[in-house]
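Take a look at the letters that make up each chain.
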Amino acid sequence: SLRKEYKIDIVIPTALGGEYWGAVQNGFEHALHEYRDISIDCRFHYYNQFDVYSCRSAYSELKGSEPDAVIIGPTFVEETIVLCRGLEEKNIPYIFVDSRIEGTSPLTTYTTDQYACGCILGRLLGSLTPKESGIAIFGAKRIGNRKANNSLERKKGFLDCFSSAGDKRSVKEASYSVLNPDDNEEEVMTFLKENPDIKGIAVLNSRGYIIADLLKAKGIRNIIVVSFDLTGNNRRCLEDGSISALLCQRPELQGFNAIKSAIKHLLYKQDEPQVNHLMPIDILMKENLPFYRELFEI
């Protein structure tokens, strides 16, 4: 088994240093180094997570490939289901990181409970803002007018948190652009002008710094911003107070464990005793940031 070369295809959103998916890739590379005595040909396929057509293109690259296993970082539900059905027809095992897609049969998954993340985000924002104030949920615009699976689950948990707590304050929804940031100033400021009661914003992905930086540039300091993931830009905003809290989900560990599970399955025919592995949900604020230094020094 050790003399055989194993082929693993990995398809994930574009991985840049200092960003969430860059941390996931760090986990992959750490595992490949840890298991360097095993011959593994790892081929990466990247897509723009804010463009459904880019995702389809990356997924289509796998159609002519015959890997021994596939690791998927899914964003869009329908496209991922189609991909997984094709892999299942070929008896190719696949593993999810970051998100779990209903209606599929992965070998194993490494993610956080996204619904619980939404609930926690709701409780945080509810406790950090005045009871009489309004709340806003900001999601990213995506080419193809499709929502990310994680954002949908987080939104549901967020709204259910307020409903179950009997919180009567209004929750408005808005969007912003990662791909066309020049559009954000006018749209976000118009939204806030039309909703002057808003004192809290939840950004449902790892780009909270975009909203935080915009508010800071406009001298707006009375709106609490909470978001996800200890990216380089989010850490900067957490340190200067423009972001009040971040929920983090151990992306490096997800990547490492995904490679480890694939190797155990391919070499030793050992599968994990449970399919769904849930990562810890860390709540970071400025005060406890120094104690999580290992999360941003990788």
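An account of the accompanying structure is given in this report. (Residues numbered from 1 in each chain as written. Predicted model: local features only at pLDDT ≥ 70, side-chain atom pairs only at ≥ 80, totals over all residues. Heavy atoms only, no water.)

1. Focus: the packing of helix 7 (residues 208-217) against helix 8 (residues 232-240)
The condition that has to hold: To define axes, lines are fitted to C-alpha atoms, for helices over the stretch in contact only, and angles between the resulting N-to-C directions are given on a 0 to 180 degree scale. Numbered from the N terminus, helices here are DSSP runs of H or I no shorter than four residues, and strands are runs of E no shorter than two. Note that the term roughly parallel is reserved for angles under 35 degrees, roughly antiparallel for angles over 145, roughly perpendicular for angles of 65 to 115, and oblique for everything else. Put simply, a crossing is left-handed when the front helix is turned counterclockwise from the back one by less than a right angle, and right-handed when it is turned clockwise. Between two residues, a contact is recorded if the distance between any of their heavy atoms is within 4.5 Å.
One can describe the packing of helix 7 onto helix 8 by two numbers: an axis separation of 9 Å at closest approach and a directional angle of 45 degrees. Here helix 7 lies oblique to helix 8, going by the angle between them. Once helix 7 is placed against helix 8, the crossing between them reads as left-handed. Mapping the contact onto sequence places Gly 208, Tyr 209, Ala 212, Asp 213 and Lys 216 in helix 7 and Asn 233, Asn 234, Arg 236, Cys 237 and Asp 240 in helix 8.

2. A short note on the packing of aromatic side chains
Pairs of aromatic rings are described using the distance from one ring centre to the other and the angle between the two planes. This is how it is decided: Pairing of aromatic rings covers Phe, Tyr and the six-membered ring of Trp, with a centre-to-centre limit of 6.5 Å; geometry is then stacked below 30 degrees between planes, edge-to-face above 60, and tilted otherwise. Burial classification: accessible surface area is computed with a 1.4 Å probe over protein chains only, and a residue below 20% of its type maximum counts as buried, one above 50% as exposed, and the rest as partly exposed. A positively charged side chain is recorded as over a ring if its NZ (Lys) or CZ (Arg) lies within 6 Å of the ring centre. The angle to the ring normal must also be within 35 degrees.
The full count for this structure, using the stated rule, is seven aromatic pairs. Each ring, one from Tyr 94 and one from Phe 96, has its centre 5.6 Å from the other, and the planes form 55 degrees; the classification is tilted. Neither residue differs from the other here; Tyr 94 and Phe 96 are each classed as buried. Members of the aromatic cluster, joined through ring pairs, are Phe 28, Phe 44 and Tyr 46. Above the plane of the ring of Phe 228 lies Arg 154, whose end atom (NZ or CZ) is 3.8 Å from the centre.

3. So, the sheet that holds strand 6 (residues 134-140)
Here is the rule we go by: At least two bridges found by DSSP between two strands is the condition for calling them paired.
The mixed open sheet is built from six strands, whose spatial order is 7-6-8-9-10-12. Whereas interior strands pair on both sides, the edge strands pair on one side only; in this sheet they are strand 7 (171-176) and strand 12 (282-284). On average, each strand axis in the sheet is inclined to that of its neighbour by 20 degrees, with strand direction left out of account. Pairing between strand 6 and strand 7: six bridges, direction parallel. Across the sheet, the residue bridging to Ala 136 is Lys 172, located in strand 7. Sheet strands touched by helix 4 (residues 114-128): strand 6, strand 8 (198-203), strand 9 (224-228), strand 10 (245-248) and strand 12. Its angle to strand 9, the strand with the most contacts, is close to 165 degrees. Where helix 5 (residues 149-164) meets the sheet, it contacts strand 6, strand 7, strand 8 and strand 9, and its direction lies at approximately 170 degrees from that of strand 6.

4. Here we look at the side chain of His 45
The condition is simple: Here a polar contact means two N or O atoms within 3.5 Å. Within protein one must be a hydrogen donor candidate and the other an acceptor candidate, and residues neighboring in sequence count only if both atoms are side-chain atoms.
Considering the arrangement of structural elements, one finds His 45 in strand 2 (residues 40-47). What makes His 45 buried here is its relative accessible area of 11%. At 2.7 Å, the side chain of His 45 and the side chain of Glu 61 are in polar contact. What His 45 contacts, discounting residues up to four positions off in sequence, is Asp 9, Ile 10, Val 11, Ile 12, Ala 58, Glu 61 and Leu 62.

5. Brief notes about the pattern of salt bridges
To keep it simple, the criterion reads: Each reported salt bridge corresponds to a side-chain nitrogen of Lys or Arg within 4 Å of a carboxyl oxygen of Asp or Glu.
In total, this model carries 16 salt bridges according to the counting rule given. Among the charged side chains, a salt-bridge network with shared partners connects Arg 56, Glu 78, Glu 79 and Arg 146.

6. Here we look at the side chain of Gln 25
With respect to the secondary-structure elements, Gln 25 resides in helix 1 (residues 20-34). Gln 25 sits in the buried class, given a relative accessible area of 12%. Among all residues touching Gln 25, those that are not within four sequence positions of it are Ile 12, Ala 15, Phe 44 and Tyr 46.

7. Quick word on unusual backbone geometry
Look at Asp 98: it is not a glycine, yet its phi comes out positive at around 80 degrees. Mapping Asp 98 onto the fold places it in the loop between strand 4 (94-97) and strand 5 (108-111). Here Asp 98 falls in the buried class, since its relative accessible area comes to 7%.

8. Some details on the environment of Trp 21
Looking at the element boundaries, Trp 21 is found in helix 1. For Trp 21, a relative accessible area of 5% corresponds to the buried category. Separated by 67 residues in the primary sequence, Trp 21 and Glu 88 place their C-alpha atoms 26 Å from one another. Ignoring any residue separated from it by four or fewer positions in sequence, one finds Trp 21 in contact with Ile 12, Pro 13, Thr 14, Ala 15, Gln 49, Gly 73, Val 97 and Asp 98.

9. Points about the nonpolar core
Going by this rule: Buried Ala, Val, Leu, Ile, Met, Phe, Trp, Tyr and Cys residues that are joined via side-chain atoms within 4.5 Å together make up what is termed a nonpolar core.
Within the largest apolar cluster, 31 residues are counted, with the highest numbers of intra-cluster contacts made by Phe 138, Tyr 176, Leu 192, Ile 201, Ile 211 and Leu 215. Counting residues per element, the ones that place at least two in this core are strand 6, strand 7, helix 6 (184-194), strand 8, helix 7, helix 8 and strand 10. Here the element with the most residues in this core is helix 7; it accounts for six residues. Judged by nonpolar contacts, the second largest core, of 24 residues, contains Ile 71, Tyr 110, Ala 258 and Met 279.

10. Considerations on helix 3 (residues 77-89)
Quick reminder of the rule: To estimate how far a helix should extend, the number of its residues minus one is multiplied by 1.5 Å.
Helix length check: helix 3 (13 residues) gives 19 Å between terminal C-alpha atoms against 18 Å at 1.5 Å per residue, within 8%. Buried residues along helix 3 sit against helix 2 (52-60), strand 3 (69-72) and strand 4. Immediately downstream of helix 3, the backbone of Asn 91 shows phi near 60 degrees, a positive value.

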